[in-house]
Amino acid sequence: MNDIPLDKLAVGQCGEVRRISGNAHVSQRLLEMGLTPGATVEVIRFAPMGDPIDIKVRGYHLSLRRREAASVEVSLKTK
Amino acid sequence: MPEETMIFKSSAEDTKELKMIALAGNPNSGKTTVFNALTNLRQKVGNYPGVTVEKKIGRMIVSGEREVYVLDLPGTYSLAVRSPDERVARDILLGRMKDTPQPDMVVCIVDASNLERNLYLVNQIQDLRLPMVVVLNMMDTAAQQGKEIDATRLAQGLGVPVIACVATEGKGIEALKTAILSGSHSMPERQWRLPEAMEIEIERLAGVISECMHLDKTTAFAEALILISKEDEKKSGWLIGKKRIEECVKEIRGRLTEWGINWRSAVVEARYDWIQKILKDIVRQTGSKKIALTDRLDAILTHRIWGWFIFVGLMAIMFFTIFSVASFPMEMIDHFFARLGDVVKNSMPPGDLRDLIANGMIAGVGAVVVFLPQILILFFFIGLLQDTGYMARAAFIMDKLMSRVGLHGKSFIPLLSSFACAVPGIMAARTIESPKDRLVTILVAPLFSCSARLPIYTIMIAALIPGASAWQKASIMLAMYLLGMVGAFVMAWFFKKTLLKSQTPVFIMELPPYRLPSFKTIVLQIWERSLIFLRRAGTVIFCFSILMWALMSYPKVLDVSPAESLRGSFAGMIGSVLEPLIKPLGFDWRIGIGLVGSFAAREVFVSTMNIVFNIQGHTSQTEPLRDAFRNATWPDGAMVFTPLTCISLMVFYVFAMQCISTIAVVKRETNSWRWPLFQVAYLTGLAYVIALCIFQGGKLLGFQ
């Protein structure tokens, strides 16, 4: 299908979380912070040096590094 | 704010039981503000036994006579026991924490503008089935975002009382107190549900846990939920070695996988699904969805270009204030204690007791108090940055740079603060969650040249190039600062690769909305930090100051000049003994005495050297000492303070941890003597080796 890692979204793009892979510790943290399958995320901006990313999920802002974001697979979604 | 419609009345027996309540909530939910509002100044800060998690306990006085203890749990997003904070919070709520009784009620503070994620923790705590009150805090921020929240219906949905609050303005606090006192002691059954098949399996696992660990059903079920989704469950400690439980978990996971249920995420998903369900229709978006103030501010404050300007500007202001504003009260304090010493000297008969009081004790107290201005100012800024929400943005901007040496964006502020003084810098490292990263930050913090190195750099530069231009001075000074910084980053990288090897810290951080700071909270925080510093670090600094005084004044040699008396003292003897060891660095016994004398505090080097070289009178000027340096010779007539020696000595001070206050604070912050001692050893070793390389290498290359 056309699932893409979260860090590949452009600023302003939205996605729906499909699954989280990789490190158990990290994926549990991300799940608990609200990135559960089905949740909508929006990429708000990148930090001045290109990393980390500021995303909006469940109505609040969360920042995470590209490496962590890469383990979150999303499907593109229109706003 | 909804009117209190219910009239709370409770019988005397009911209220008698309530002795202690615990405050729980996410970071940034305003938990501390609620805590302060409930307890006012009746609070105490300590540590839980064995961990460096802060224990804050206060007393809430109700109707003038009754007292209820209020325990402020560490702010956490979850109770899944992955960090020391989460473990402490969970252990207390389950009544497992030594020296802390199980609370009779939990007050959960949630950020009304960020309900969904905040209710996740509430949902987890509800599983423990303790009596609960939910505080819907920051109703003003929610209103600004155009969110209207129906507190009454939220209470129905959650099955517990919900009190709307704006804690920073004291709104809703009285209602909260009433609700706490009349809170129900029976909790509703668990309302959220797992997929049916999983529900049955978890019940079974709970049964096994309950049997093996002799736990009640509720607790066992809560443990089962954590255990099933936690892959490193071995680390959860108390379940180690319970083979039956381990096997049961494995078996259940196998079956769940077969049925297509993801056991890693199923519990979290079920919780969020339930939250979404009850929040439906409770939160209403009113008015136009205009871009929130926070988003507009972030567009500037984390902008690719403006973000840097503002960040550097803010840091410069903070740094400048610490340096300049603090120097005035510091001088006053210095002056005051010098005066006090003089008064004692003039009013007491000469003798050991007089010297002990004047030169040992008063100077010791002075050495402690003199740090207060810098600590107060730094913590004022840190409190301000944290309370407004900018601190998270600073970490966001700096994270990329810090990650190059394996650190976290949050390490930046403590390290930068160490340019002023490592003591408040190390105390500021508390904002770093991962214990290993916090430790690495603490270990390298003293490498950032603090203000106490300035007098040494100044005198050595004067000895190196007499009449140096401002440019020359500034560039040598800058070189020393840079050398320390490079050293700090190299060592941080090294520690992260070896001794404190850990995964590159995960950077998953909330960017909370910007808020106006609460000065009451900040002032209280400064007050707490200062007390901790005075009480814990102060005693160690005081004792060592007296010890250093004794080393420099005994054994007494009578009727000789101060210089000879110092040479005959223990410190002088150590200096002479050290000479063979430090000669390869280009240092003679006199510098040795300086090193010993300044072990407690670097700036003492200059005053010790003034005594060694018999300089009286204008000790505040550098010229007499500089000239004395230039005339000092080895027994064979060769110059002691050659350019190479001057550089070697400066570099030694860049690296060496000549500061009792830092040692005391590291001891206090790491809860053991192991790390401060290790730090002294590695920094002194590093200073020695690098100074040695510079002196010997320089000589080989033909420099003097």
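Here the structure is a predicted model, which means the values were calculated and not measured. (Residues numbered from 1 in each chain as written. Chains lettered and ligands numbered in written order. Predicted model: local features only at pLDDT ≥ 70, side-chain atom pairs only at ≥ 80, totals over all residues.)

**Some points on the overall build of chain B**
(1) Moving on: A count of helices and strands for chain B gives 30 helices and 10 strands.
(2) Moving on: If one aligns the C-alpha atoms of chain B with their principal axes, the spans along those axes are about 90 × 60 × 55 Å.
(3) Moving on: Taken across its 704 residues, chain B has 45% of its residues classed as buried.
(4) Moving on: In chain B, of all internal contacts separated by at least 6 residues, the share reaching a separation of at least 24 is 71%. (Helix = DSSP H or I, 4+ residues; strand = E, 2+ residues; numbered from the N terminus. Buried ≥ 20, exposed ≤ 12 C-beta atoms within 10 Å, placed from the backbone. Contact = placed C-beta atoms within 7 Å.)

**So, the overall build of chain A**
(1) Moving on: On a plain count of helices and strands, chain A comes out with two helices and six strands.
(2) Moving on: Starting at the N terminus, the α and β elements of chain A follow one another as β-β-α-β-β-β-α-β.
(3) Moving on: On C-alpha atoms alone, chain A measures out to a radius of gyration of 11 Å, which is about the 12 Å that the 2.2 N^0.38 rule sets for 79 residues.
(4) Moving on: A principal-axis box enclosing the C-alpha atoms of chain A has dimensions of 30 × 25 × 25 Å.
(5) Moving on: In chain A, once contacts between residues fewer than 6 apart in sequence are set aside, the share between residues at least 24 apart is 58%. (Rg over C-alpha atoms; globule rule 2.2 N^0.38 Å.)

**Remarks on the interface of chain B and chain A**
(1) Moving on: Taken together, the 30 residues of chain B in the interface contact 30 residues of chain A.
(2) Moving on: Breaking the side of chain B that touches chain A down by element, the ones donating at least two residues are α4 (115-126), α11 (266-279), α13 (306-347), α16 (390-403) and β10 (508-511) of chain B.
(3) Moving on: Broken down by class, the residue content of the side of chain B that touches chain A amounts to 13 nonpolar, six polar and 11 charged.
(4) Moving on: Relative to β10(B), strand β5 (residues 60-64) of chain A runs antiparallel, the two being bridged by four bridges. Paired with His61(A) across the two strands is Leu511(B), which belongs to β10(B). (Nonpolar A, V, L, I, M, F, W, Y, C, P; charged D, E, K, R; others polar. Pairing = 2+ DSSP bridges.)

**Some details on α16(B)**
Residue and element names in this part refer to chain B.
(1) Moving on: Taking 1.5 Å as the rise per residue, α16 with 14 residues should run 20 Å; its terminal C-alpha atoms sit 20 Å apart, in good agreement.
(2) Moving on: The axis of α16 is deflected most strongly, by about 40°, at Ile397.
(3) Moving on: Counting buried positions over the 14 residues of α16 gives 11, a clear majority of the element.
(4) Moving on: When α16 is considered as a whole, its buried residues turn out to be Met391, Ala392, Arg393, Ala394, Ala395, Phe396, Ile397, Met398, Asp399, Met402 and Ser403. (Expected span 1.5 Å × (residues − 1). Bend = angle between axes of the 7 residues up to and from the residue.)

**Points about the confidence of the model for chain B**
Detailed reading of predicted coordinates is not advised where the pLDDT is low.
(1) Moving on: With 92% of its residues at a pLDDT of at least 70, chain B reaches an overall mean of 83.
(2) Moving on: Considering only residues more than four positions removed or in separate chains, one finds that residues 1-15 of chain B, a stretch of pLDDT under 50, has 15 contacts. (pLDDT = per-residue confidence, 0-100.)

**Some thoughts on helix α25 (residues 589-597) of chain B**
(1) Moving on: Counting buried positions over the nine residues of α25(B) gives nine, a clear majority of the element.
(2) Moving on: Of all the positions in α25(B), only Trp589(B), Arg590(B), Ile591(B), Gly592(B), Ile593(B), Gly594(B), Leu595(B), Val596(B) and Gly597(B) are classed as buried.

**Quick look at the packing of helix α8 (residues 196-213) of chain B against helix α9 (residues 217-229) of chain B**
Residue and element names in this part refer to chain B.
(1) Moving on: Closest axis-to-axis distance for the α8/α9 pair is 8 Å, and the angle between their directions is 115°. The chirality of how α8 crosses α9 is right-handed. From α8, Ile202, Leu205, Ala206, Ile209 and Ser210 reach across to α9, where they touch Lys217, Ala220, Phe221, Glu223, Ala224, Leu225 and Ile228. (Axes fitted to C-alpha atoms, helices over the stretch in contact; angles between N-to-C directions. Left-handed = near helix turned anticlockwise from the far one by under 90°.)

**Details of the sheet that holds strand β2 (residues 14-20) of chain A**
(1) Moving on: Read from one edge of the open sheet, seven strands run β1(A)-β6(A)-β2(A)-β3(A)-β4(A)-β5(A)-β10(B), paired in antiparallel fashion. Only two strands of the sheet have a single partner each, and these edge strands are β1 (3-5) of chain A together with β10 of chain B. Averaged over all pairs of adjacent strands, the angle between their axes in this sheet comes to 40°, without regard to strand direction.
(2) Moving on: Sheet analysis places strand β3 (residues 40-46) of chain A next to strand β4 (residues 53-57) of chain A, joined by five bridges and oriented antiparallel. When the sheet's bridge partners are listed, Val43(A) is paired in β4(A) with Ile55(A).

**Considerations on unusual backbone geometry**
(1) Moving on: Cis geometry is adopted by the peptide bond preceding Pro52(A), which originates at Asp51(A) and carries an omega value of -5°.
(2) Moving on: Of the consecutive residues Tyr554(B) and Pro555(B), the connecting peptide bond is found in the cis state with omega at -15°.
(3) Moving on: Structurally, Pro555(B) can be placed in the loop between α22 (519-553) and α23 (562-568).
(4) Moving on: Of note in this structure, Arg129(B) is not a glycine but carries a positive phi near 55°.
(5) Moving on: With respect to the element layout, Arg129(B) can be found in the loop between α4 and β6 (132-137).
(6) Moving on: Positive phi values are uncommon outside glycine, yet Met138(B) reaches one of about 60°.
(7) Moving on: Inspection of the secondary structure assignment puts Met138(B) in the loop between β6 and α5 (139-144).

**Here's the deal with the nonpolar core**
Residues and elements named next belong to chain B.
(1) Moving on: In this structure, Cys108, Val134, Val135 and Leu136 are the most contacted members of the largest nonpolar core, which totals 219 residues.
(2) Moving on: It is helix α28 (residues 643-655) that contributes the most residues to this core, 10 residues altogether.
(3) Moving on: Setting aside anything within four residues of it in sequence, one finds Val134 in contact with Cys108, Val110, Val122, Leu158, Val160 and Val162. (Core = buried A, V, L, I, M, F, W, Y, C linked by C-beta atoms within 7 Å.)

**Focus on the environment of Gly484(B)**
Residues and elements named next belong to chain B.
(1) Moving on: On the secondary structure map, Gly484 appears in helix α21 (residues 470-497).
(2) Moving on: Put simply, Gly484 and Pro446 are 38 residues apart on the chain and 8.7 Å apart in space, counted from C-alpha to C-alpha.
(3) Moving on: Non-local contacts of Gly484, meaning those with residues more than four positions away in its chain, are made with Leu447, Phe448, Ser449 and Val654.

**With respect to the pairing of strand β4 (residues 66-72) of chain B**
Residue and element names in this part refer to chain B.
(1) Moving on: As judged from the four bridges shared by strand β1 (residues 20-25) and β4, these two strands associate in the parallel manner. By the bridge assignment for β4, Met20 is matched with Tyr69.
(2) Moving on: Counting the residues that bridge the hairpin from strand β3 (residues 54-62) to β4 gives three residues, and of these Ser63 lies at a positive phi of roughly 40°.

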